[in-house]
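Next come the chains, spelled out residue by residue.
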Amino acid sequence: MKTFRFMMTVFLMVFLTAALTLACGDDDDPSTSSGQADDDAADDDADDDADDDVNDDVNDDVDDDVDDDVDDDVDDDADDDDFESFFPPEPGSLGVYRLNAGNDHWDVPAVIVGEDSDTFPGETYTVMEFGDFDTPGNAGAILWADFTTPYKPGIKAMEAYSDTTKGEGWDIREVFDDVLYMDFSGEINETDTVETGLTIYFPDDEPISLDQAMDTTLISLDASTEVPYGTVDNCIQVLAEFYDPMEPNSRWGGDFYFHGEYGFVEAAVFPSYDVVELVSPAE
C-alpha cells in the first residue's frame, strides 16, 4: 500500500477580454481662384468640419457601444466562470469517481460532508468522503481539507479504507503537521514549494513520522484529459511532485485536472490508490 497520496478539488476563474478601436477622419486641401471659390472653400471647410463632428460623434457612439458590448461580454464571462464561489464548498454530491489500485477499481460516490471542528480541536476543515460508507465491501477514503482561500486548497489529513464500513476502521491514516497547500494562483510554469511534517498511522503498528515537501506547477489552463466520463476539455492541469526535502531528486507524483463545471476530473495520486477519475459529475 502506498504511504502517501494526495487529492484536491479546485476551480479556476478565467477572464476573457477584448478591445476594439474605431477611427475615421478626412483631410481636405481646397484650392481658391476667386471669391466664390473662397466662399465655396469656406463652405466646404464648414461642411467638412460639420461632417467631421458628425463622424466623430458617430465614432464616439460606436466606440461607446463597442466598449459596452465588450464590457458586457467580459462581465458575462466573469459571472459564468466565477469559480471562486466554490470556496468554501457547500455540503452535497461531487459526483461518482473511479478509484484505481493495480488491476482493481471501484466506482464510488464523492460528497462534501460539511465542516468539522471536532477532529482537530481549535481547527475547522471541510470533510470529503469518497465511497459508499453505508454499504460494506467497497474501497473508500475520507479527507479533511481547507478551502478557505481560492486557488489555494489545502489538505490536513486523510484516511483510506479497504472496507467502507466505518465501524471496521481505516487501513491507514495520514496527518500533516501543518496544512499542505496546493497553490496554483500564479503564472503558467510557475512552481510553488511547501514543506511540512507527516505522521502515518497504522491499525496494528507504531506510527511513522517524516518530512514531506511538494512542488506544485501550473501546466495549462486549457488542457484535455480522457476519463470514464469521456474527453473533458478546457481543464486546468497542475503537476504535483512529492519528495523528502533531504532527497529532492527522488520524486513521485503526477498531474491533476480540474474543470470549471465538473470540478475535480482526474488525479494521478490519491490516498492509497493510483489514478482517480471522474465517472459522472453531480447532477
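Our subject is the structure that appears above.
Here's a quick rundown of the structure. (Residues numbered from 1 in each chain as written. Predicted model: local features only at pLDDT ≥ 70, side-chain atom pairs only at ≥ 80, totals over all residues. Heavy atoms only, no water.)

**Some thoughts on the sheet that holds strand 5 (residues 154-161)**
Stated precisely, the cut-off is as follows: Whether two strands pair depends on DSSP finding at least two bridges between them. Helix and strand labels come from DSSP, where a helix needs a run of H or I of at least four residues and a strand needs a run of E of at least two; each type is numbered from the N terminus. Lines fitted to C-alpha atoms define the axes, with helix axes restricted to the stretch in contact, and inter-axis angles between N-to-C directions lie between 0 and 180 degrees.
Within the closed barrel, the twelve strands sit side by side as 1-2-3-4-5-6-7-8-9-10-11-12. Their pairing is antiparallel. Between one strand and the next, the sheet's axes are offset by a mean angle of 30°, whatever the strand orientation. Here six bridges tie strand 5 to strand 6 (residues 172-181), and the two strands are oriented antiparallel to one another. By the bridge assignment for strand 6, A157 is matched with V175.

**Things to note about the packing of aromatic side chains**
The description of an aromatic ring pair rests on the distance of the ring centres and on the angle between the ring planes. Put simply, the test is: Ring geometry is summarised as follows: Phe, Tyr and Trp rings, the Trp one being its six-membered ring, pair when their centres sit within 6.5 Å, and such pairs are stacked at plane angles under 30 degrees, edge-to-face over 60 and tilted between the two. The classification of residues rests on relative accessible area computed with a 1.4 Å probe and restricted to protein chains. Under 20% of the type maximum is buried, over 50% is exposed, and intermediate values are partly exposed. Either the NZ atom of lysine or the CZ atom of arginine qualifies as a charge over a ring when it sits within 6 Å of the ring centre and within 35 degrees of the ring normal.
As enumerated under the stated definition, the model contains ten aromatic pairs in all. Where F184 meets F258, the ring centres are 5.7 Å apart and the plane angle is 15°; that geometry is what we call stacked. Pair noted here: F184 is in the loop between strand 6 and strand 7 (191-201) and F258 is in strand 10 (residues 251-259), with a separation of 74 residues, a long-range link. Exposure remark for F184: the relative accessible area of 2% places this residue in the buried category. We classify F258 as buried; its relative accessible area is 1%. Three or more aromatic residues joined by ring pairs make a cluster, and in this case those are Y97, F130, F184, F256, F258 and F264. The positively charged end of K152 is found above the aromatic ring belonging to Y181, 5.2 Å away from the centroid. The cationic tip of K156 hangs over the ring face of F120; the distance from NZ or CZ to the ring centre is 5.5 Å.

**Some points on the pairing of strand 3 (residues 125-130)**
Regular strands have side chains that alternate between both faces of the sheet. Counted residue by residue, strand 3 has six buried out of six residues, so it is predominantly covered. Both faces of strand 3 are covered, namely the face carrying Y125, V127 and E129 and the face carrying T126, M128 and F130. Note: strand 2 (residues 104-116) against strand 3, six bridges, orientation antiparallel. Opposite A110, over in strand 3, you have F130 as the bridge partner. Here strand 3 runs beside strand 4 (residues 140-146); their pairing, made up of five bridges, is antiparallel. Pairing of M128 across the sheet is with L143, part of strand 4.

**Things to note about the environment of E195**
Filter applied, for reference: Only heavy atoms matter for contacts: two residues are in contact if any of them lie within 4.5 Å across the pair.
As for its position among the elements, E195 is in strand 7. Classification of E195 as exposed rests on a relative accessible area of 54%. Along the sequence, E195 and D211 sit 16 residues apart, while their C-alpha atoms lie 7.4 Å from each other. Residues contacting E195, with those up to four places away along its chain left out, are Q212, A213 and P245.

**Thoughts on the nonpolar core**
This is how it is decided: Put simply, a nonpolar core is a bunch of buried Ala, Val, Leu, Ile, Met, Phe, Trp, Tyr and Cys residues held in one set by side-chain atoms that sit within 4.5 Å of each other.
In terms of nonpolar packing, the biggest core is built from 42 residues, with Y97, M182, V238, F256 and F258 touching the most fellow members. For this core, the leading source of residues is strand 9 (residues 230-243), giving six residues. By size, the runner-up hydrophobic cluster in this structure holds ten residues, among which are Y125, V127, Y161 and V179.

**Focus on a negative patch on the surface**
Convention followed: Residues enter patches when their relative accessible area tops 30% and they take part in no salt bridge; the joining distance is 9 Å for like charges and 5 Å for the nonpolar side chains Val, Leu, Ile, Met, Phe, Trp and Tyr. The accessible surface values rely on the Shrake-Rupley method and a 1.4 Å probe; as for residues, cover is taken only from the protein chains in view. Should a side-chain nitrogen of Lys or Arg be within 4 Å of a carboxyl oxygen of Asp or Glu, the pair is scored as a salt bridge. Residues scored as charged are limited to Lys and Arg (positive) and Asp and Glu (negative), so that His and the chain ends carry no count. Taken as the charge location is NZ of Lys, CZ of Arg, CG of Asp or CD of Glu.
Negative charge collects at one region of the surface, where E123, D177, D178, E195, D211, D244 and E247 lie side by side. Mapped onto the secondary structure, D211 falls in strand 8 (residues 208-227).

**Considering the side chain of E159**
Worth spelling out the cut-off: Polar contact criterion, stated in full: a pair of N or O atoms within 3.5 Å, where within protein one must be able to donate a hydrogen and the other to accept it, and residues adjacent in sequence count only if both atoms are side-chain atoms.
By the secondary structure assignment, E159 is in strand 5. With a relative accessible area of 8%, E159 lands in the buried category. Of note is the side chain of E159, whose polar atom sits 2.7 Å from the side chain of R173. Other than its neighbours up to four places away in sequence, E159 contacts G140, A141, I142, W144, W170, I172 and R173.

**Re unusual backbone geometry**
In this model, N189 sits at a positive phi of 70°, which is unusual for a non-glycine residue. By the secondary structure assignment, N189 is in the loop between strand 6 and strand 7. Located in the positive-phi region is N234, a residue other than glycine, with phi close to 60°. Along the chain, the position of N234 falls in strand 9. Taking the relative accessible area as the measure of exposure, N234 reaches 53% and is therefore exposed.

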